[in-house]
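# Coordinate inspection notes
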Amino acid sequence: MTDLLVPTELLTGIAEMDGQHDHLFNSMLQVKNALLSVSDVDEAGLTLLAQLLEELLEHFAWEQEAARANGIPFEHHAREHARIAAFVRGKIPELRNGRCNVPALMVYMERSFESHVAHFDLGLGTALRAAAQARRTG
Ligand SMILES: [Fe+2]
Ligand SMILES: [Fe+2]
């Protein structure tokens with residue numbers, strides 16, 4: 001657990017969710033390295049970004065299912081997921097057309113993701129741990 005990319009204050013205490021977040025931070029780092037290492041955006045960077053979008057969608061689906069299975073309200077959280085997914089999806093054609101400031105995009109994506117975890121996923125983690133606790137004691 002020493003080389004996690006997720007900042008400690010963003011750990012939810014739900015191992016599977018934290019593992020997925022760590023994986024996503026790792027993917028973002030790879031996209032960043034790929035997009036920033038070339039002067040023109042290339043296919044490899046775009047492919048990595050498309051993969052990151054797929055990973056995000058899978059992760060969002062996992063959180064939604066975990067919430068549903070535990071009776072945790074998720075509408076507001078799901079709207080945020082949809083907003084992030086639409087943002088990333090919209091960046092792919094912009095990057096392809098060269099109409100995108102790549103360094104600014106990467107900083108924005110990292111901050112958005114961290115902010116999402118802080119404002120939505122930490123609360124989900126607390127609710128999931130409470131639900132597990134209730135199952136154990138109930
Ligand atoms: Fe998440
Ligand atoms: Fe989330």
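The following refers to the structure shown. (Residues numbered from 1 in each chain as written. Chains lettered and ligands numbered in written order. Predicted model: local features only at pLDDT ≥ 70, side-chain atom pairs only at ≥ 80, totals over all residues. Heavy atoms only, no water.)

### Re the overall build of the protein
Counting its secondary structure elements, the protein contains four helices and zero strands. Put simply, the protein runs from its N terminus to its C terminus through helices and strands in the order α-α-α-α. For the protein, the spread of C-alpha atoms along the three principal axes comes to 60 × 35 × 20 Å. Counting over 138 residues, the protein shows a buried share of 38%. (Helix = DSSP H or I, 4+ residues; strand = E, 2+ residues; numbered from the N terminus. Buried < 20%, exposed > 50% of the residue type's maximum accessible area, 1.4 Å probe, protein only.)

### Let's talk about the side chain of Glu 63
Its location among the elements puts Glu 63 in helix α2 (residues 43–69). Beyond its immediate chain neighbours, meaning those up to four positions away, Glu 63 contacts Met 17, His 21, Phe 74, His 77, His 81, His 116, Asp 121 and Leu 124. (Contact = heavy atoms within 4.5 Å.)

### Quick word on helix α3 (residues 75–96)
For α3, spanning 22 residues, the distance from its first C-alpha to its last is 33 Å, which sits close to the expected 32 Å at 1.5 Å a residue. Buried residues along α3 sit against α1 (15–36), α2 and α4 (102–137). One or two positions beyond α3, positive phi appears at Gly 98, with a value near 70°. (Expected span 1.5 Å × (residues − 1).)

### What about the coordination of the iron ion (ligand 1)?
Bound to the iron ion (ligand 1) are the protein donor atoms His 21 (NE2), His 59 (NE2), Glu 63 (OE) and Asp 121 (OD), situated 2.0 to 2.2 Å from the metal. For the iron ion (ligand 1), the four donor atoms in the first shell make angles of 81 to 171° at the metal, a pattern classed as irregular. All donor residues of the iron ion (ligand 1) come from one chain, and their arrangement in sequence is H-x37-H-x3-E-x57-D. A gap of 3.5 Å separates the iron ion (ligand 1) and the iron ion (ligand 2), which Glu 63 links by coordinating each metal. Highlighted residues: His 59 and Glu 63, both in helix α2, separated by four residues, approximately one helical turn. As far as the burial class goes, His 59 and Glu 63 line up, both buried. (Donors = N, O, S within 2.8 Å, 3.2 Å for Na, K, Ca; no water. Tetrahedral: all angles 85-135°; square planar, octahedral: opposite > 155°, others 65-115°.)

### Re the packing of aromatic side chains
What the rule picks out here adds up to two aromatic pairs. Arranged with centres 5.0 Å apart and planes meeting at 55°, the rings of Phe 87 and Tyr 108 form a pair that is tilted. Taken together, the residues Phe 87 in helix α3 and Tyr 108 in helix α4 connect sequence positions 21 residues apart. For Tyr 108, a relative accessible area of 41% gives the class partly exposed. (Phe/Tyr/Trp six-rings, centres within 6.5 Å; stacked < 30°, edge-to-face > 60°.)

### Topic: the nonpolar core
Inside soluble globular proteins, nonpolar side chains tend to come together where they are buried. Ranked by size, the top nonpolar core spans 25 residues in total, and within it Leu 49, Leu 52, Leu 56, Val 88, Leu 95, Met 109 and Phe 113 carry the most contacts. Only α1, α2, α3 and α4 provide two or more residues apiece to this core. Apart from residues lying up to four places away in sequence, Leu 56 is in contact with Leu 24, Ile 84, Val 88 and Phe 113. By size, the runner-up hydrophobic cluster in this structure holds eight residues, among which are Met 17, Ala 67, Ile 72 and Leu 128. (Core = buried A, V, L, I, M, F, W, Y, C linked by side-chain atoms within 4.5 Å.)

### Comments concerning the pattern of salt bridges
What the rule picks out here adds up to five salt bridges. Close ionic contact of Glu 43 with Arg 96 constitutes a salt bridge, the shortest N to O distance being 3.5 Å. Taken together, the residues span a long stretch of sequence, with Glu 43 in helix α2 and Arg 96 in helix α3 at a distance of 53 residues. Across the pair Lys 91 and Glu 94 runs a salt bridge whose closest N-O atoms are separated by 3.0 Å. On the criterion of helical spacing, the pair formed by Lys 91 and Glu 94 is a turn pair, its members being three residues apart in helix α3. For Glu 94, a relative accessible area of 23% puts it in the partly exposed group. (Salt bridge = Lys/Arg side-chain N within 4 Å of Asp/Glu carboxyl O.)

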